[in-house]
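# Overview (structure and organization)
Each chain is listed here by its residues.
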Amino acid sequence: MVTQQGPLNELLPEIYPIIAAHLPLYATPSTLLALALTNHHISEFVLPLVYSRLVLQNETDATLVLQKLLDNPPLGRIVRELHIMSDLSVDTRDQDPPSDVIRRVEDVISKGYLPFIHTLGLHLMKRWYYDADKGFEPVKGFGQLRQEFLAQLKEKCPRLRGLVLKGFSDDQDEPWLEKSGFLQVPDITSLTIHFVGFTLQQSGSDKLLAHISSLAPSLHTLDLTPSSSDFASPSPIFELDLPFLRSLSLASFTEVDAAQAMAFFERHPSIEYLNVASNLIGTNNRWFASELPPKFLPNLRHLRAHWNDVRLLSPIFNQLLSLSIHKVSMHKSLTFSDSFFRTDCRTSRNKTIEGSLWYEREDGTFQQAKSKKESRTVFDSFMHSIVRAAPNLEELGFHGALFQLSKFVSIADDLNGFPHLKHLYYEAYYANLEALTEEERNNFASQARDLAQAVPGLVSITNVDTPNLPYLTAKISRKENGEVAGVEVGKGYGMKIGYDDQAFPWTPHDV
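Residues numbered from 1 in each chain as written. Predicted model: local features only at pLDDT ≥ 70, side-chain atom pairs only at ≥ 80, totals over all residues. Heavy atoms only, no water.

Counting secondary structure elements, the protein contains 16 helices and 20 strands. Counting every position in the protein, which comprises 511 residues, the buried fraction comes to 53%. When the accessible surface of the protein is split by element, carbon and sulfur atoms take 51% of a total near 22800 Å². (Helix = DSSP H or I, 4+ residues; strand = E, 2+ residues; numbered from the N terminus. Buried < 20%, exposed > 50% of the residue type's maximum accessible area, 1.4 Å probe, protein only. Areas by Shrake-Rupley, 256 points an atom, 1.4 Å probe, with all protein chains shown as cover.)

What follows is the structure, encoded as structure tokens:
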């Protein structure tokens, strides 16, 4: 515990909000609570800041906090960001009148209790639309924002600049977007919208595009997943000019014109984060031209893309801090490592890395197996390629193939070649987090302990084999000598580097 004479106590009270504002969003609540426990003096300034960036991870937490805001209106004047990830429980669904999380948010805002909020994020899980306990029967009448609510955002939340809507539906039986008053939310500079698959209607698409177009002069972040055959091409986005664009994510598109995409990218050199990975484009489709113009995307630091696109960007790899490669076979990944992994990168992901006939020997030469029976996986003379060329990795993910966690002990020596490795992500089948039996949890904890004991730097191990958050995670605590002291099995999220502005970091799955 820090004493009253400790250096933290000498900070001016005005410094603490600045510290809070620079924390990664997903870690803000836990970090501030830990800081508040330091002593009474610090807690006096830090505890109120916990409400400045609310990150609520489930329906129960969201319901309790929203009710507290309703019961104590002055508390809402502290809130600057509100992020909620919530499923819809059967008990809540059966309430009359409805009092789900969305209705409670609407209630808090309509009463003017969040006058200084600048970012609102709502992430709806699958139970808003499907009853998993009844053969995934459709659930109707939930997951929609009322027209009057969106109109009230303008009046009641005049400082709102960030809007995140994930997991929303625009079903033809319940089309809320067309009549929602969506265009009545002006001055947005950061817009994220992910629709449930195949629900966005043509009229809704037109409304959405009109809104994005009206916001284009001020947008710095655009994250769009329409998941609709009526919005299959990003061409309408490429026709826009967004002079302040820093972060762009486009997913679920099936028709891409590389020439048009390149023209857009050349007009937007300010892009720092680019995600074009989760798109069902054909093998011959590209987002980039085979030859890059000089000084192409000079500020790009974080990239998610298919292998076919990633390899075209090799001239700018040395400026990247993180890289996620989708649709890559192992021999491509190995060849790729020669050109990229010599750079000082902090994190990288390979989407599909098994089944190749190619492999690399310890001396750096490549060999070809004679038959598919000799096809090699990540556990067969593969990891040394990455260790040799990218020793500074802090996070490492294995996605696209299912491996039991126990298998990773066999490459522990290679993993120990990453002196800064802290977080490992992999995929192994499990139904869902809530349905795990005690035996399954104990088995996961046991395997995580074995791997953590073999790889002393690991502090977390996460199974990301589900398109829904949160993920199954083992958090590792250690003794002073580095030995494993304990393994706590619980909920976790996706890779963190490059996603400081995410309330719930996730691992994109192909849509």
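Computed from the structure, the second largest pocket encloses a volume of approximately 850 Å³. Surrounding the second largest pocket, 33 residues form its lining, Tyr26, Ala27, Ser30, Gln57 and Lys475 being those nearest its centre. Among the elements that line the lining of the second largest pocket, the one with the most residues is strand β1 (residues 53-56), at four residues. The residue inventory of the lining of the second largest pocket, partitioned by class, reads 13 nonpolar, ten polar and ten charged. (1 Å grid on protein atoms, 1.4 Å probe; cavity = no way out; pocket = protein on both sides within 12 Å on 5 of 7 lines; lining within 4 Å. Points joined across faces, edges and corners; volume = space filled by probe spheres on them. Nonpolar A, V, L, I, M, F, W, Y, C, P; charged D, E, K, R; others polar.)

What follows concerns a nonpolar patch on the surface. Where nonpolar side chains cluster on the molecular surface, the patch consists of Leu12, Ile15, Ile18 and Ile19 and spans about 330 Å² of accessible area. Of note, Ile18 is situated in helix α1 (residues 15-21). For Ile18, a relative accessible area of 46% puts it in the partly exposed group. (Patch = residues over 30% accessible without salt bridge, like charges linked within 9 Å, V, L, I, M, F, W, Y side chains within 5 Å. Salt bridge = Lys/Arg side-chain N within 4 Å of Asp/Glu carboxyl O.)

On to the packing of helix α2 (residues 28-36) against helix α3 (residues 40-50), then. Viewed as axis vectors pointing N to C, α2 and α3 meet at an angle of 160°, and their least axial separation amounts to 8 Å. As far as their axial angle goes, α3 and α2 are roughly antiparallel. The hand of the α2/α3 crossing is left-handed. Of α3, the residues touching α2 (which contributes Leu32, Leu33, Leu35 and Ala36) are Ile42, Ser43, Val46, Leu47, Leu49 and Val50. Class assignment for the residues of the contact of α2 with α3 results in nine nonpolar, one polar and no charged. (Axes fitted to C-alpha atoms, helices over the stretch in contact; angles between N-to-C directions. Parallel < 35°, antiparallel > 145°, perpendicular 65-115°, else oblique. Left-handed = near helix turned anticlockwise from the far one by under 90°. Contact = heavy atoms within 4.5 Å.)

Between side chains of opposite charge, a pair can form when the charged atoms approach closely. If you walk through the whole model with that rule in mind, you get six salt bridges. Between Glu81 and Arg53 there is a salt bridge, and its shortest N-O distance comes to 3.1 Å. One end of the pair, Glu81, is in strand β2 (residues 81-86); the other, Arg53, is in strand β1, with 28 residues separating them in the sequence. Summarising the burial analysis for this pair, Glu81 and Arg53 share the class buried. A salt bridge links Glu483 to Lys479; the shortest N-O distance between them is 4.0 Å. Of the residues examined, Glu483 reaches a relative accessible area of 36% and is grouped as partly exposed.

A separate point is the nonpolar core. Membership of the largest hydrophobic core comes to 84 residues, with the highest contact counts inside it found for Leu69, Leu82, Leu120, Phe265 and Leu274. Among residues more than four places away in sequence, those in contact with Leu69 are Tyr51, Leu54, Leu75, Gly76, Val79, Val108, Tyr113 and Leu114. Formed by 48 residues, the second largest nonpolar core is a distinct cluster that contains Met85, Phe398, Leu436 and Leu472. (Core = buried A, V, L, I, M, F, W, Y, C linked by side-chain atoms within 4.5 Å.)

This brings us to the side chain of His83. In this fold, His83 is placed in strand β2. The exposure class of His83 is buried, given its relative accessible area of 6%. Separated by 2.9 Å, the side chains of His83 and Glu81 make a polar contact. Setting aside residues up to four positions removed in sequence, His83 forms contacts with Leu25, Leu54, Val55, Leu56, Thr119, Gly121, Ala503 and Phe504. (Polar contact = N/O pair within 3.5 Å; in protein donor to acceptor, adjacent residues only side chain to side chain.)

The tally for this structure, following the rule as stated, stands at 13 aromatic pairs. Consider the rings of Phe231 and Phe253, whose centres lie 5.5 Å apart with planes at 75°: the pair is edge-to-face. Of this pair, Phe231 sits in the loop between β8 (221-225) and α10 (235-238) while Phe253 sits in the loop between β9 (247-250) and α11 (258-267), placing them 22 residues apart in sequence. Phe253 gets classed as buried once you look at its relative accessible area, which sits at 0%. Both rings, one in Phe403 and one in Phe408, keep their centres 6.4 Å apart while their planes meet at 85°; by these two values the pair is edge-to-face. One aromatic cluster is present, formed by Phe238, Phe264, Phe265, Trp287, Phe288 and Phe296 through successive ring pairs. (Phe/Tyr/Trp six-rings, centres within 6.5 Å; stacked < 30°, edge-to-face > 60°.)

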